[in-house]
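# Inside the fold
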Amino acid sequence: MSPQVETILLAVDFSEAAQYLAEYATIFAKGLDARLLVLYVSPSMNRYASLYVPPQSIRTLVDQILEGANRVMREFMDARFVDVSAEGRVEYGYAPEKILEVARKSGVDMIIMGTHGRRGVDRIPFGSVAEKVVKTATIPVLTVRPV
């Protein structure tokens, strides 16, 4: 029995590399006759609660960020996925966990995501979203280092 790829999750951060990743994802989606689920995860603001920022202020900021991210996602989808079945989604939380959660709940067969190509000391304090996803995913993950 050969693996079947029907749904591909493309994780994007709306950086300049997102266009490059969109091209890769489109090639795979067309070649495998798969649909794309394009996901942007807005970072959690929970760490600011310990700085005595009022919860209502944090909630307002999160709502504004999500509203802007949804607008950018619509523009991104309209500009890049005209001839492939694709759905855009914006979520909120810790990116590695949210990517894996959405993949699991949506029945995704493969994940495509970029790496920022940091090496050595530059990546040690921050870790890597791609690295965390690769290490814990139960489905194939294609990482693409943008040029």
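Above this text sits the structure in question.
Quick notes on the rules
Residues numbered from 1 in each chain as written. Predicted model: local features only at pLDDT ≥ 70, side-chain atom pairs only at ≥ 80, totals over all residues. Heavy atoms only, no water. Helix = DSSP H or I, 4+ residues; strand = E, 2+ residues; numbered from the N terminus. Buried < 20%, exposed > 50% of the residue type's maximum accessible area, 1.4 Å probe, protein only. Contact = heavy atoms within 4.5 Å. Core = buried A, V, L, I, M, F, W, Y, C linked by side-chain atoms within 4.5 Å. Pairing = 2+ DSSP bridges. Axes fitted to C-alpha atoms, helices over the stretch in contact; angles between N-to-C directions.

Among the secondary structure elements, Ser106 is positioned in the loop between helix H3 (95–105) and strand E4 (110–114). The exposure class of Ser106 is partly exposed, given its relative accessible area of 22%. In contact with Ser106, other than residues within four places in its own chain, are Leu37 and Arg89.

What follows covers the side chain of Thr7. Here Thr7 lies in strand E1 (residues 7–12). Overall, Thr7 belongs to the buried group, its relative accessible area being 8%. With residues near it in sequence (within four places) discarded, Thr7 still touches Ala34, Arg35, Gly107, Val108, Asp109 and Met110.

Grouped together as the largest cluster of nonpolar side chains are 27 residues, with contacts concentrated most on Leu10, Val12, Leu36, Val38, Phe76 and Phe81. Contributing elements (two or more residues each) for this core: E1, helix H1 (17–32), strand E2 (35–43), helix H2 (55–80) and E4. A total of seven residues in this core trace back to one element, the largest contributor, which is H2. Ala11, Val102, Val108 and Val133 belong to the second largest nonpolar core, which has 15 residues in total.

Moving on to the sheet that holds E2. The strands making up a sheet associate through hydrogen bonds between their backbones, and the pairing can be parallel or antiparallel. Taken together, the five strands give an open sheet; going across it, the order is E3-E2-E1-E4-E5, and neighbouring strands pair in parallel fashion. Either end of the sheet is taken by a strand with one partner, and the two such strands are strand E3 (86–93) and strand E5 (141–144). Each adjacent strand pair in this sheet contributes to an overall mean axis angle of 25°, direction not counted. With eight bridges joining them, E2 and E3 adopt parallel strand pairing. Across the sheet, the residue bridging to Leu36 is Ala86, located in E3. Sheet strands touched by H2: E1, E2 and E3. Its angle to E3, the strand with the most contacts, is close to 160°. This element, helix H4 (residues 129–136), spans E4 and E5 of the sheet and lies at about 160° to E4.

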